[in-house]
Amino acid sequence: MGRMESDCRIPMLCLRPRVLALHALFWGLVSLRVFGAALLSEEKTTVARPVTTPCWQMEEFVVAVECSRCDAFQSKSWAACTQTGYVERINCTKSNKDEYKSCRSTLMEEHLFWKFEGAMLGLTILFALVVVARQRSLDRLASEKVRRQIESI
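Starting afresh in each chain, residues are numbered from 1 along the sequence in its written order. Per-residue local features of the predicted model are confined to residues with pLDDT of at least 70, and side-chain atom pairs are confined, for both listing and counting, to 80 or more; whole-chain, interface and lining totals are unaffected and use all residues. Derived side-chain values reflect all non-hydrogen atoms in the structure, with water molecules and hydrogen atoms excluded from consideration.

Caption draft 1: Quick look at the overall build of the protein chain. Numbering of helices and strands runs from the N terminus; a helix is a DSSP stretch of H or I covering at least four residues, while a strand is a stretch of E covering at least two. When you go through the protein chain residue by residue, the secondary structure sums to five helices and three strands. Listed N to C, the secondary structure of the protein chain is α-α-β-α-α-β-β-α in terms of helices and strands. Categorising residues by exposure relies on relative accessible area from a 1.4 Å probe, with only protein chains included: less than 20% of the type maximum marks a residue as buried, more than 50% marks it as exposed, and the intermediate range marks it as partly exposed. Classification of the 153 residues of the protein chain by burial places 12% in the buried group. Computed with a 1.4 Å probe, the accessible areas rest on the Shrake-Rupley method; for each residue, only the protein chains presented here act as cover. Counting every atom, the protein chain has about 13,500 Å² of accessible surface; 64% of that belongs to carbon and sulfur.

Caption draft 2: Main features of the UniProt feature "transmembrane region" (unreviewed entry) in the protein chain. UniProt's feature table lists "transmembrane region" (unreviewed entry) at residues 20-40 and 112-133, given in the numbering used throughout. Annotated as 100% helix and 0% strand, the span residues 112-133 places its first and last C-alpha atoms 31 Å apart. UniProt positions are given in the numbering used here, feature names are shortened, and annotations may be inferred rather than shown by experiment.

Caption draft 3: Layout of the sheet that holds strand β3 (residues 98-102). Pairing is antiparallel across the open sheet formed by three strands, whose spatial order is β1-β2-β3. If you trace the sheet from one side to the other, it starts and ends with β1 (61-69) and β3, each paired once. Each strand axis lies, on average, 25 degrees off the axis of its neighbour in the sheet, ignoring direction. The criterion for strand pairing is that DSSP finds at least two bridges linking the strands in question. One ladder, built from five bridges, connects strand β2 (residues 86-92) with β3; its direction is antiparallel. Looking across to β3, one finds that asparagine 91 is bridged to aspartate 98. Note on definitions: angles span 0 to 180 degrees between N-to-C directions of axes, and those axes are lines fitted to C-alpha atoms, for helices only across the stretch in contact.

Caption draft 4: Summary view of the pattern of salt bridges. The term salt bridge refers to a side-chain nitrogen of Lys or Arg lying within 4 Å of a carboxyl oxygen of Asp or Glu. Under the counting rule described, the total for this entry stands at five salt bridges. One salt bridge connects arginine 104 with glutamate 109, and the closest N-O pair in it is separated by 2.3 Å. One salt bridge connects glutamate 144 with arginine 147, and the closest N-O pair in it is separated by 2.2 Å. Remark: arginine 147 and glutamate 144 occur in helix α5 (residues 106-152); sequence separation between them is three residues, near one turn of the helix. Judged by its relative accessible area of 36%, arginine 147 is partly exposed.

Caption draft 5: Structural context of the state of the cysteines. Throughout, a disulfide means two cysteine sulfur atoms within 2.5 Å of one another. Across all of its chains, the model carries two disulfides by this definition. Each sulfur of the disulfide joining cysteine 67 and cysteine 103 lies 2.0 Å from the other. Between cysteine 67 and cysteine 103, the S-S torsion sits near 90 degrees, and that sign places the bridge as right-handed. With cysteine 67 in strand β1 and cysteine 103 in the loop between β3 and α5, the pair connects residues that are 36 residues apart, well separated along the chain. Cysteine 67 gets classed as partly exposed once you look at its relative accessible area, which sits at 26%.

Caption draft 6: Up close: the side chain of glutamate 59. Looking at where glutamate 59 falls in the secondary structure, it is placed in the loop between α2 (55-58) and β1. Think of it this way: Lys and Arg go in the positive column, Asp and Glu in the negative one, and His and the chain ends go nowhere. Nearest to the buried, unbridged glutamate 59 among oppositely charged side chains is lysine 94, at 6.6 Å. Among the polar contacts made by the side chain of glutamate 59, one reaches the main-chain amide nitrogen of lysine 94 at a distance of 3.0 Å. By the criterion applied in these results, polar contacts are pairs of N or O atoms within 3.5 Å in which, for protein atoms, one can donate a hydrogen and the other can accept it, and in which residues neighboring in sequence qualify only through two side-chain atoms. Engagement of the side chain of glutamate 59 in a polar contact is seen with the backbone nitrogen of serine 95, the distance being 2.9 Å. Contacts are residue-level and defined by heavy atoms, with any inter-residue pair within 4.5 Å sufficient. Residue contacts for glutamate 59: discarding those within four places in its chain leaves Cys92, Thr93, Lys94 and Ser95.

Caption draft 7: Just α5, in detail. Expected span, for any helix, means 1.5 Å times one less than how many residues it has. Taking 1.5 Å per residue, 47 residues should reach 69 Å; α5 reaches 68 Å between its end C-alpha atoms and fits that length. The opening residue of α5 is serine 105, an N-cap whose side-chain oxygen sits 3.1 Å from the backbone nitrogen of leucine 107.

Set out below in C-alpha cells:
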C-alpha cells in the first residue's frame, strides 16, 4: 500500500505556538497603529477652530456655473478644489450668497468607471488563468496518484 496522504491544506508549521505568537504580535501592532492613528486624528480635530457651515448645506441653492476643472491657482487656494479637483459656483436662495462647492465631473466619473472596468477585466483574466493552472496541477496530482496505485497492484 502507498503511504497515507493528509487532506489538510494548512501546514502544521503555521500552528506552532511560536508562529501563532508572532502572528498575534504582528496583528496586535498593526491594530494598535491603526487605532492609535485614529485616536490621534480625533484629538487633532477637537482642537481645530470651528468652521462656519456653508450656506448650501442649510438652504436651497441654484447652480450658477456648472462643474468645471480647477486651475493650478484654484487647486492650491480654494478649499472646495482640494476634494475632487472640480468646482461649481452656486447661489444660495435665502441668503443670496455666491459660494463655491466641490463637485464630481461626468468626464471624471466616466474615466474612473473605465479604469474600474479595466481593472475588473484584468483581474478576471488573471484569476481565470490561476484557476486553469490550479486545475491542471490537481489533475496531474490525481493522475500520478492513480498511476502509483496501479503500479502497486
